[in-house]
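Structure at a glance
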Amino acid sequence: MYRISAHVEEWEFKQAFRITGREVLSSKGIVVKISDGKHIGRGEAQGVFYTDETPESMLAQVNSIASSLQSGVSREELLDILPSGGARNAIDCALWDLECKQSGKTIWQLTGITPKPVTTVFTIGMEDTPEAMAAKAAEASEHSVLKIKLDGCQPLERLKAIRAARPDAKLVVDANQGWSFEQLQELIPACVELDLEMIEQPLPRGNDGALSSLASPITLAADESCLDSSELAGIDGLYQMINIKLDKTGGLTEALNLAKVAKSKGYKLMVGNMCGTSLSIAPSFVVAQLCDFVDIDGPLLLKHDHPNGLKYQAGKVECFDPSFWG
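One structure accompanies this document, and this report is about it. Nothing here was measured: the structure is a model prediction, and the numbers come from that model.

Quick look at the sheet that holds strand S4 (residues 118-119)
Spatially, S4-S14-S13 is the arrangement adopted by the three strands of the open sheet, whose pairing is antiparallel. Both edges of this open sheet fall to S4 and strand S13 (311-313), since each of them pairs with a single strand only. Relative to strand S14 (residues 316-318), S13 runs antiparallel, the two sharing three bridges. Within S14, the residue paired with Gln313 across the bridge is Lys316.

A closer look at the nonpolar core
In terms of nonpolar packing, the biggest core is built from 77 residues, with Ile242 and Trp325 touching the most fellow members. Considering each element in turn, this core owes the most residues, seven residues, to helix H11 (residues 278-288). Dropping the residues within four chain positions of it, Ile242 is found in contact with Ala222, Cys226, Leu232, Ile235, Leu258, Ala262, Tyr267, Lys268, Leu269 and Met270. Among the nonpolar cores identified, the runner-up in size contains 18 residues, and Leu59, Val73, Ala90 and Leu98 belong to it.

Things to note about the pairing of strand S9 (residues 219-222)
Successive side chains on a regular strand alternate, one facing one side of the sheet and the next facing the other. The side-chain alternation of S9 yields two buried faces, one formed by Thr219 and Ala221 and the other by Leu220 and Ala222. Summarising the sheet, strand S8 (residues 196-200) and S9 pair through three bridges and their orientation is parallel. Within S9, the position partnered with Met198 by the bridge is Thr219. The pairing of S9 with strand S10 (residues 241-244) spans two bridges and is classified as parallel. Counted as the bridge partner of Ala221 is Met241 from S10.

What to know about the environment of Asp228
Looking at the element boundaries, Asp228 is found in the loop between S9 and S10. Sequence spacing of Asp228 and Ala215 is 13 residues, and the spatial spacing of their C-alpha atoms is 25 Å. Ignoring anything within four residues of it in the chain, the contact list for Asp228 reads Ser84, Thr249, Glu254 and Leu258. In terms of polar contacts, Asp228 uses its side chain to reach the side chain of Ser84, at 3.1 Å.

Quick look at the pattern of salt bridges
This model, assessed by the stated rule, comprises 12 salt bridges. Asp295 is paired through a salt bridge with Lys147; the nearest N and O atoms lie 2.6 Å apart. Here the residue Asp295 occupies a position in the loop between strand S12 (293-294) and S13, and Lys147 occupies one in strand S6 (residues 145-149), the gap between them amounting to 148 residues. Exposure class is identical for Asp295 and Lys147. Each is buried. The closest approach of N and O atoms between Lys245 and Asp223, which form a salt bridge, is 2.8 Å. Of the two residues, Lys245 sits in the loop between S10 and helix H9 (246-249) while Asp223 sits in the loop between S9 and S10, which places them 22 residues apart along the sequence. Three or more residues joined by partner-sharing salt bridges are found here, namely Lys147, Lys149, Asp174, Glu200 and Asp295.

Quick notes on the sheet that holds strand S3 (residues 40-45)
One open sheet holds the three strands; their spatial order is S1-S2-S3, and the pairing between them is antiparallel. Looking at which strands have only one partner, the edges of the open sheet turn out to be strand S1 (3-19) and S3. Neighbour-to-neighbour, the strand axes of this sheet turn through a mean angle of 20°, independent of strand direction. Bridge count between S1 and strand S2 (residues 22-35): 13 bridges; the pairing is antiparallel. Among the inter-strand pairings, Phe17 is bridged to a residue of S2, identified as Val24. Sheet contacts for helix H4 (residues 86-103): S2 and S3; angle to S3, the most-contacted strand, approximately 150°.

Section: the packing of helix H1 (residues 55-64) against H4
One way to put it is that H1 packs onto H4 with a least axis distance of 8 Å and a crossing angle of 55°. The pairing of H1 with H4 is recorded here as oblique in orientation. In the crossing of H1 with H4, the sense of the turn from one axis to the other is right-handed. On H4, the residues touching Met58, Gln61 and Val62 of H1 are Gly86, Ala87 and Ile91.

Overview of the state of the cysteines
For the structure shown, the criterion picks out zero disulfides. The structure places no disulfide on Cys153, whose sulfur is separated from the nearest cysteine sulfur, that of Cys191, by 16 Å. Cys291 forms no disulfide, and the closest cysteine sulfur to it belongs to Cys226, at a distance of 13 Å.

Rules used throughout
- Residues numbered from 1 in each chain as written.
- Predicted model: local features only at pLDDT ≥ 70, side-chain atom pairs only at ≥ 80, totals over all residues.
- Heavy atoms only, no water.
- Pairing = 2+ DSSP bridges.
- Helix = DSSP H or I, 4+ residues; strand = E, 2+ residues; numbered from the N terminus.
- Core = buried A, V, L, I, M, F, W, Y, C linked by side-chain atoms within 4.5 Å.
- Buried < 20%, exposed > 50% of the residue type's maximum accessible area, 1.4 Å probe, protein only.
- Contact = heavy atoms within 4.5 Å.
- Polar contact = N/O pair within 3.5 Å; in protein donor to acceptor, adjacent residues only side chain to side chain.
- Salt bridge = Lys/Arg side-chain N within 4 Å of Asp/Glu carboxyl O.
- Axes fitted to C-alpha atoms, helices over the stretch in contact; angles between N-to-C directions.
- Parallel < 35°, antiparallel > 145°, perpendicular 65-115°, else oblique.
- Left-handed = near helix turned anticlockwise from the far one by under 90°.
- Disulfide = S-S within 2.5 Å.

Next comes the structure, spelled out in structure tokens:
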């Protein structure tokens, strides 16, 4: 019999973090622990706020299958027991961690992936003025790739100010569903002129069919519009890149499956995060090895992180120690 525990953890941000229609002061999620009496596997999840997940709803899902988990559930069986989302993510990652500890093998040996350092974007959250966002970009001078959070208010002015402050940086934009199709059409020529690398989720989930008529010279990435591999067919011909987040896919198992299927269909890959600690980001670092863009800067936004977690240096992320996870 396995012992299962789950609890809520809240980690404070260095400052308020703003995206389209949302401002948060902390990262709040759940941590699941699964023990066989000798080893303990851990997994963390923040959930998917735009599908109305909360720490309380995730805990309820974990508790709803506690008896099955105690009897022993494989990661493959878990895919049928719970839907994609934060609860399944935390359990799945805990099962991976436990399997590593039980087998004496690292996550790299189990997945067959060779780890290497990656370069992560650094996120510039929304501020009241273009000048304030430009100042944040200038402060992040050690980071070579910046991800700019925008909505429909002065997006071009903000981009121009940031580009002027950081002519050396690679810039990607995340609109978090905040633009209209007409606004996107108007902005693309300016985005080309400003040498943007990619635009993530410009239109609302479910309202992005118009992208089929748009021949964008800039890569468009699906985030909210593609939760897991079951939704790939629905975005065919609309996007060129998929942002894989373990809270969306419901764990590393489905994330790796989504990466494999999406790549076979010609999509570029990106890995993202929901602003968790290193415990949440470590499994995402595994997916990062397969990706064209990496967005795993969540711990950099926190006041504190696990002392033995991921190591960040000038935008580079080093491989974690298996004693921490995996």
